[in-house]
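A look at the structure
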Amino acid sequence: MNTPSEDYHALLARHDAMRLRRRILAPSGSRPEPWSAKAPQAYDGTADQLLISDSLPLVSPLEELIAALYRLLFERHPYLRSLFPESMAFQQVHLVGIFRYLIGNLHRTDEMIDVFGQLGRDHRKLGVRPAHFEAFEAALIEALRMRAGARWTSALEYAWLRMLRLAVSAMVRGADEAIAEPPSWEATVTSHERRTPELAVLRVRPHQPYAFEAGQYASLESPLLEQAWRPYYLARAPHPDGELEFHVRARGAGGVSDALVHGTREGGAVRLSAPRGALTLPDHIPSADILLIGSGTGWAPMKALLQRIDADRSRAHRVRLLLGLAAPEERAAAEEMYDAAYLEAFRRGRPWLTVIAADATDARFAGAGLRALNGILTPHPGGAARQHAFLALAPEGSTTGPARAVSARLVAAGVPAAHIHHETTGIVAVTETSASTTRTGLLSA
C-alpha cells in the first residue's frame, strides 16, 4: 500500500507527464506554456495596472477573493493542502499583500522580476513546483469570475493573467537559478537561553555545511508548526564550529516565534532556509567610517557585523554602534538590551568601536528629526560621503517606517544612499502590511 507521500509524488508525476503530452501534441500556433524557465520578459504594465485598478471594486474586498481562491484550489486539488500551514490566516493575509504589491508596482516590471525571483528561490523550501502554479492560476481565474459575475470581461482576465504570469515566471526562474543549493537545511538546537520571559537566544548546528555572510538572515521552521516559516537575522558571524545564533522574540500570536521561544529546547530540531539579506559588509570599502544602528532584535545582525569587522582588521574601520533608536510604538522592545553582558565584554580592548545608547525617553529620537544622529554624523564637509550605515530598527515591529526615516536623515546629512544598507528591497515591499509565513524583510515575526 502506498504512503500518502508516495501517492502525492505519483500524482505530481502524472500531472507533469500529462502536461508534457499536451505540449507535444499541441498544434503549431497554439497558446504557449504560461510558465517558463527562461528569463521573464518585462513589459510596460501601465495599461494593465490601470485596467486592474479601475476594476478592483468588481472583485473586492481582496480578502474575500483570496479566501475563495484557496477554497477552490483545495477543492480541485486536495493534495496541495499539505504544502500550507495548518492555519491559513497568515497565508491569506500574505497573499493579499502580494496582490496589492503586484497591482501597485506593475509599472515597475524590472523591479518586480527581481522581487519575485527572490520569492521563487525562497519557495523551494516549501516544495512548490511549476504544476502548482498552473493550479493556482486556474483557481484565481475561477475566483475572479465568481466575484465579478456578468461584469467580468476577457480584457480583464488577460490583464490579470499577464500580471500573474510575469510574477510566476520570475519565481520559476529564481527557483531554477538556486537549484544547486539545498531547498532547506535540518539543524539541531544546541543551546536555548531565555533572556527575558518573551525572548530567547538560540544556537543551532546545521547537519550540512551552511555558507552565509554576517548581516544575513534565514527563515526557520519549527516542527511544532510545519510549513510555517519566519525569518530571523543571524546573530553570529561564520565560525569554524558551524553553530548559528538567532534572537527570537515571542509575538503572542501562536506563530513560529512563540514556538521557538516557548516550545523549543536544547536537542530539538529546526529547519533553515537559504541565507538572504542586504546587510552584508561590502568588499570594496578598504577603509571607512561604519555606522551600525539597531534596536530590539535588530542588535542580532549588528553583533554579527561587529564580529566580522573584528576578524579582519586589515581594513581601518572606525565603527560607531547606536542602539535603542526606535519609533514610539517599538520603544518597549528597543529599550531592552538583552545581550548587554556580551556587548560590554566585546567593547573592551577595541578602541575602534564607540557604543552610543539613544535616550529612549526622548520622543524626538523617532522620525526624521533624530537628534541622536546629530552628534555622530561627521560635521566635516564631504566626511559623510565616506560613511556606510547599516540599519535594523526593531525588526520584530510591523513597519519599515523607522528605517526609512533614519535613511532620510542620513541622506540629508550627506551619506550617499548607496552607502545605506537595510532591508528595503525584495519582499519587504510585498509584506509590509502582512504577517507573512514567507516574510523576509520584516524579520522576527
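Conventions we followed
- Residues numbered from 1 in each chain as written.
- Predicted model: local features only at pLDDT ≥ 70, side-chain atom pairs only at ≥ 80, totals over all residues.
- Heavy atoms only, no water.
- Core = buried A, V, L, I, M, F, W, Y, C linked by side-chain atoms within 4.5 Å.
- Buried < 20%, exposed > 50% of the residue type's maximum accessible area, 1.4 Å probe, protein only.
- Helix = DSSP H or I, 4+ residues; strand = E, 2+ residues; numbered from the N terminus.
- Pairing = 2+ DSSP bridges.
- Contact = heavy atoms within 4.5 Å.
- Axes fitted to C-alpha atoms, helices over the stretch in contact; angles between N-to-C directions.
- Salt bridge = Lys/Arg side-chain N within 4 Å of Asp/Glu carboxyl O.
- Parallel < 35°, antiparallel > 145°, perpendicular 65-115°, else oblique.
- Left-handed = near helix turned anticlockwise from the far one by under 90°.
- Nonpolar A, V, L, I, M, F, W, Y, C, P; charged D, E, K, R; others polar.
- pLDDT = per-residue confidence, 0-100.
- Phe/Tyr/Trp six-rings, centres within 6.5 Å; stacked < 30°, edge-to-face > 60°.

The subject of this paragraph is the nonpolar core. With 53 residues, the main nonpolar core has Val59, Tyr70, Phe99, Phe116 and Trp160 as its most contacted residues. Listed by contribution, the elements that provide at least two residues to this core are α2 (46-59), α3 (62-76), α4 (89-104), α5 (109-123), α6 (130-148) and α7 (154-177). No other element matches α7, which puts twelve residues into this core. In terms of nonpolar packing, the next biggest core, distinct from the first, is built from 29 residues, Ala214, Ala237, Met302 and Trp352 among them.

Taking strand neighbours across the sheet as the criterion, the five strands line up as β9-β8-β7-β10-β11 in an open arrangement whose pairing is parallel. Strands at the two margins of the open sheet, each flanked by one partner only, are β9 (353-357) and β11 (420-421). Looking at chain direction, strand β10 (residues 387-393) and β11 are connected through two bridges and run parallel. Each residue of the ladder has a partner; that of Ala389, found in β11, is Ile420. Strands β8 (317-323) and β9 of the sheet are contacted by helix α11 (residues 340-347), whose axis makes an angle of about 145° with β9.

Let's shift gears to the pairing of strand β3 (residues 217-221). When you tally the buried positions in β3, you get five out of five residues, the bulk of the element. Side chains Tyr217, Ser219 and Glu221 of β3 all project onto a buried face; the interleaved residues Ala218 and Leu220 project onto the opposite face, where all are buried too. Pairing between β3 and strand β4 (residues 230-233): four bridges, direction antiparallel. From the neighbouring strand, Ala218 faces β4, where its bridge partner is Tyr232. Inspection of the sheet shows β3 paired to strand β6 (residues 269-272) by two bridges, in the antiparallel sense.

The topology assignment puts Ala392 in strand β10. Looking at Ala392, the relative accessible area reads 4%, which means it is buried. Residues Ala392 and Tyr233, spaced 159 residues apart in sequence, show a C-alpha to C-alpha distance of 9.5 Å. Apart from residues no more than four positions distant in its own chain, Ala392 is found in contact with Tyr233, Leu279, Ile293, Gly294, Ser295, Gly298, Pro301 and Met302.

For the bond from Ser60 to Pro61, the omega torsion is 0°, close enough to zero to count as cis. Looking at the secondary structure, you find Pro61 in the loop between α2 and α3.

The full count for this structure, using the stated rule, is 26 salt bridges. Put simply, Arg108 and Glu111 hold a salt bridge, and the shortest N to O gap is 3.5 Å. The exposure class of Glu111 is partly exposed, given its relative accessible area of 34%. In this structure, Asp339 and Arg195 form a salt bridge, with 2.9 Å as the shortest nitrogen-oxygen distance.

Moving on: the packing of α4 against α5. Between α4 and α5, whose axes approach to 11 Å, the crossing angle comes to 155°. In this view, α4 runs roughly antiparallel relative to α5, as classed from their interaxial angle. For α4 against α5, the interelement crossing comes out left-handed. Contact with α4, carried on its side by Ile98, Tyr101 and Leu102, involves Glu111, Met112, Val115, Phe116 and Leu119 of α5 and no other residues of that element. Here the contact of α4 with α5 is built from residues that sort into seven nonpolar, no polar and one charged.

Confidence in the prediction of the protein, expressed as mean pLDDT, is 78, and 74% of residues score 70 or more. Per-element averaging of pLDDT across the protein places helix α14 (residues 427-431) at the bottom with 39 and strand β2 (residues 199-206) at the top with 97. The low-confidence segment residues 360-370 (pLDDT under 50) makes 25 contacts with residues lying over four places distant or belonging to another chain.

In the structure shown here, the tally under the stated rule is eleven aromatic pairs. The interplanar angle of 45° and the centroid separation of 6.0 Å between the aromatic rings of Tyr210 and Phe212 together place this pair among those described as tilted. Both residues of the pair, Tyr210 and Phe212, count as buried. Taking 6.2 Å as the distance between ring centres and 80° as the angle between the ring planes, the aromatic pair formed by Tyr217 and Tyr233 counts as edge-to-face.

Below, the discussion takes up the sheet that holds strand β1 (residues 185-196). In space, the six strands of this open sheet follow the order β4-β3-β6-β1-β2-β5, with antiparallel pairing throughout. Looking at which strands have only one partner, the edges of the open sheet turn out to be β4 and β5 (244-249). Along the sheet, successive strands turn relative to each other by an average axial angle of 40°, direction set aside. In this sheet, β5 lies alongside β2 in antiparallel orientation, the contact comprising six bridges. The partner of Leu199 across the bridge, within β5, is Arg249. Taken strand by strand, helix α9 (residues 299-311) contacts β4 and β5, and its axis lies near 160° from that of β5.

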